[in-house]
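# Remarks on the overall topology
Chain by chain, the residues run as shown.
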Amino acid sequence: MPPPPPPLLLLLLAALAAAARPGCPLARGTTATCVDMPLRTCSDVAYNQTAFPTLLEHRSREAVEASSEYILLSVLHHLLEGQCNPDLRLLGCAVLAPRCEGGRVRRPCRHVCEGLREACQPAFDAIDMAWPYFLDCGRYFASVEEGCYDPLEKLREGLDVEEALPSGLPPTFIHFTHHSYAQMVRVLRRTAARCAHIAKTYSIGRSFNGKELLVIEFSAQPGQHELMEPEVKLIGNIHGNEVAGREMLIYLAQYLCTEYLLGSARIQRLLNTTRIHLLPSMNPDGYEVAAAEGAGYNGWTSGRQNAQNLDLNRNFPDLTSEYYRLAESRSVRSDHIPIPQHYWWGKVAPETKAIMKWMRTTPFVLSASLHGGDLVVSYPFDFSKHPQEEKMFSPTPDEKMFKLLARAYADVHPMMMDRSENRCGGNFLKRGSIINGADWYSFTGGMSDFNYLHSNCFEITVELGCVKFPPEEALYTLWQHNKEPLLNFMETVHRGIKGVVMDKFGKPVKNARIVVKGIRHDITTAPDGDYWRLLPPGSHIVIAQAPGYSKVIKKVTIPARMKRAGRVDFILQPLGTRPKQLLLGPRRSGSGLRDPPGGASRYGEPEEPGQEPLGGRRQPSVGGSKPWWWSYFTSLSEHKPRWLLKY
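Residues numbered from 1 in each chain as written. Predicted model: local features only at pLDDT ≥ 70, side-chain atom pairs only at ≥ 80, totals over all residues. Heavy atoms only, no water.

## So, the packing of aromatic side chains
- Across all of its chains, the model carries 25 aromatic pairs by this definition.
- Taking the centre distance of 6.0 Å and the plane angle of 85 degrees together, the rings of F134 and W643 count as edge-to-face. Of this pair, F134 sits in the loop between α5 (110-126) and α6 (181-194) while W643 sits in the segment after β20 (570-572), and the two are 509 residues apart along the sequence. Both residues of the pair, F134 and W643, count as buried.
- Ring centres 5.5 Å apart and planes at 35 degrees place the aromatic pair F316 and F450 in the tilted group. Remark: F450 occurs in helix α14 (residues 447-454) and F316 occurs in the loop between α9 (284-293) and α10 (320-327); sequence separation between them is 134 residues.
- Overall, F450 belongs to the buried group, its relative accessible area being 1%.
- We note K233 situated over the ring of F364; from NZ or CZ to the ring centre the distance is 5.4 Å.
- Across the ring face of F570, the terminal group of K554 is positioned such that the distance to the ring centre comes to 5.1 Å. (Phe/Tyr/Trp six-rings, centres within 6.5 Å; stacked < 30°, edge-to-face > 60°. Helix = DSSP H or I, 4+ residues; strand = E, 2+ residues; numbered from the N terminus. Buried < 20%, exposed > 50% of the residue type's maximum accessible area, 1.4 Å probe, protein only. Lys NZ or Arg CZ within 6 Å of the ring centre and 35° of its normal.)

If you want it as structure tokens, here you go:
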């Protein structure tokens, strides 16, 4: 059974049912009497006057506030668990309380509505709710030629305004200061504009309070995956009060752009062979709470969680427990573990969903999550193989590779290599300033374990210092300490092997499995058939296999000093074209390599990008039954919002 909604939501849902009414014809006419905007739910729109009757023929403020459409806007935030907020509310307000200027009503832009519907339809599908009739893009919205306006313009207010640099400073200047959300967005966009041929910004979603989760990407072909070009992501500020990582990634973006333009051979080689994604702030809402207290005054936990009071680094699916269960049997796979359906019954933050969707759409190879509170690099697993043990060494099958990745950061960090035990992080000195996560302290729901067990991506966690919100004067020194480690870490994505898996006609084979004998963790090929397998130096037996094809086995040797991935391609032959005895190979996975039943994706989720798995209370209605949220309407008014039903 799903948990009951909060009392406030029940009251709002009840009001929605009681106020339900069918859609009315579109109001016509070219002139109107403008009056002050009186609606609380629409108080933050970009205009201050509306007109009656509205586009839905409501003739007074009271009529609007009593309408089911208006009250739906006030509960949609909770029903969709923060997704598409506040975009949908502002879009709805543009219809319920139309913009009035100079005695004329202006309609919102149709292209804005269409863009939102494409992005937000999966969220409605996930709770089995129809798209609201009053957000019909063809009926209540207008074209640019008809003089429409953008109802979401307020969301960008202040973000597109260029902030002047101090006089006399060149555009390459890095200002080592703390950045507000608006300042961060401006710096990233300005940087992308300055290096438009190698950089672009894009959003992976919104926070619970509606802030864009903005990424800046660097690549020779920004915006697209290139064959055999590995993808790296760096994420900061997953805990809102741990801000050093946020600033390091803002500085790193500016540094990469500037050094590329200045002709740095190292940076040009890195960006021409690697696709790099920087997400400076995964938790912008939590940052606002921490920043309100200020550097040096912030408590250990103030602003740590997101706006839902969720710790985002405990909010990912616990796949590690499932891994330990699967690892007991040699006949089943223990990688690319699907997300269990019961996970979606709980509270999943929109920030967490955004990261998971991002991972589904981009074939990441390497990742780092930047934290604060200590000075050490940790690596998976973060959850102990014996749940009752708070501290227990719990390695992955790729323990050797993870240690190399951790050392790639720690070994070139001057403070991590400082021999004083009295310094920040001195208790990790004898370990080389790296540690297995569960051997430090065990926890579930972490992002690093999820990356490793659900995808091809290897992620480490970097603790940048003992002060979570360092004073501004410490930021330049922090940058000097972390610049080289960040670059060195990103360059390690080119360790191991890479290649293309194709059939005998040269057609790429996607989702083929790359198996390394002795390491019980496979990776899969991207849609173009390319793959990247991070491996430590030494000799390895590598197997490529895919349903319907025979296996191909190769032996590869990776020299200790090799810093560029060796290319190992595979050509798979269809089954039946070779003698059967050649199909025999190392019996590594057995029947566990079957494709998921019923045509599900290998992630245990719908194939539609951006659509959350339908499970628990999001399960579609079966056999004519109503969705979970409809039960709150049935005992109320006979006028129910049936336009919310899909069937």
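## Observations regarding the sheet that holds strand β6 (residues 212-218)
- Sheet architecture is open: eight strands sit in the order β5-β6-β8-β7-β9-β12-β10-β11, paired in mixed fashion. Edge positions in the open sheet fall to β5 (199-206) and β11 (434-436), since each of these has one partner strand only. For this sheet, the mean angle separating the axes of adjacent strands, direction not counted, is 25 degrees.
- Here strand β7 (residues 231-236) pairs with strand β8 (residues 275-279) via five bridges, running parallel. Within the sheet, the bridge partner assigned to I235 lies in β8 and is L279.
- Relative to the sheet, α14 contacts β7, β9 (364-371) and β12 (458-465), its axis offset from that of β12 by approximately 165 degrees. (Pairing = 2+ DSSP bridges. Axes fitted to C-alpha atoms, helices over the stretch in contact; angles between N-to-C directions. Contact = heavy atoms within 4.5 Å.)

## A word on helix α3 (residues 68-79)
- Burial analysis of α3 places nine of its twelve residues in the buried class, the great majority of the element.
- Taken as a whole, α3 has its buried residues at S68, E69, Y70, I71, L72, L73, V75, L76 and L79.

## Here we look at unusual backbone geometry
- Along the chain, F52 connects to P53 via a cis peptide bond; the corresponding omega equals 0 degrees.
- Tracing the backbone shows P53 in the loop between β2 (49-51) and α2 (61-66).
- Residue F381 is bonded to the preceding P380 through a cis peptide linkage, with omega at 5 degrees.
- Secondary-structure assignment places F381 in the loop between β10 (374-379) and α12 (399-410).
- Of note in the backbone geometry, M228 takes a positive phi value of approximately 65 degrees without being a glycine.
- Residue placement: M228 occurs in the loop between β6 and β7.
- Owing to a relative accessible area of 12%, M228 belongs among the buried residues under this scheme.
- Unlike most non-glycine residues, S433 shows phi in positive territory, near 65 degrees.
- Tracing the backbone shows S433 in the loop between α12 and β11.

## As for the environment of H386
- Here H386 lies in the loop between β10 and α12.
- Classification of H386 as partly exposed rests on a relative accessible area of 44%.
- Spatially, the C-alpha atom of H386 lies 10.0 Å from that of A438, the residues being 52 residues apart in sequence.

## Some details on the pairing of strand β13 (residues 497-503)
- For β13, the buried fraction is high: five of the seven residues fall into the buried class.
- Pairing between β13 and strand β16 (residues 530-533): four bridges, direction antiparallel. If you follow I497 over to β16, its bridge partner there is R533.
- With three bridges connecting them, β13 and β20 associate as parallel partners. When the sheet's bridge partners are listed, M502 is paired in β20 with I571.

## Looking at the nonpolar core
- One finds F218, L234, L252 and I355 to be the most contacted residues of the largest nonpolar core, which totals 95 residues.
- Once residues within four sequence positions are removed from consideration, L252 is found in contact with L234, L278, W479, L486, L487 and M490.
- Counting 51 residues, the second-largest nonpolar core is a separate cluster that includes L55, L91, F141 and L152. (Core = buried A, V, L, I, M, F, W, Y, C linked by side-chain atoms within 4.5 Å.)

## Examining the sheet that holds strand β18 (residues 552-558)
- Strand order across the open sheet formed by four strands is β15-β14-β17-β18, with antiparallel pairing between neighbours. What marks the edges here is a single partner per strand, and that holds for β15 (519-524) and β18. For this sheet the average axis-to-axis angle between neighbouring strands, irrespective of direction, equals 25 degrees.
- Here strand β14 (residues 513-516) runs beside β15; their pairing, made up of three bridges, is antiparallel. Bridged to I514 within β15 is I523.

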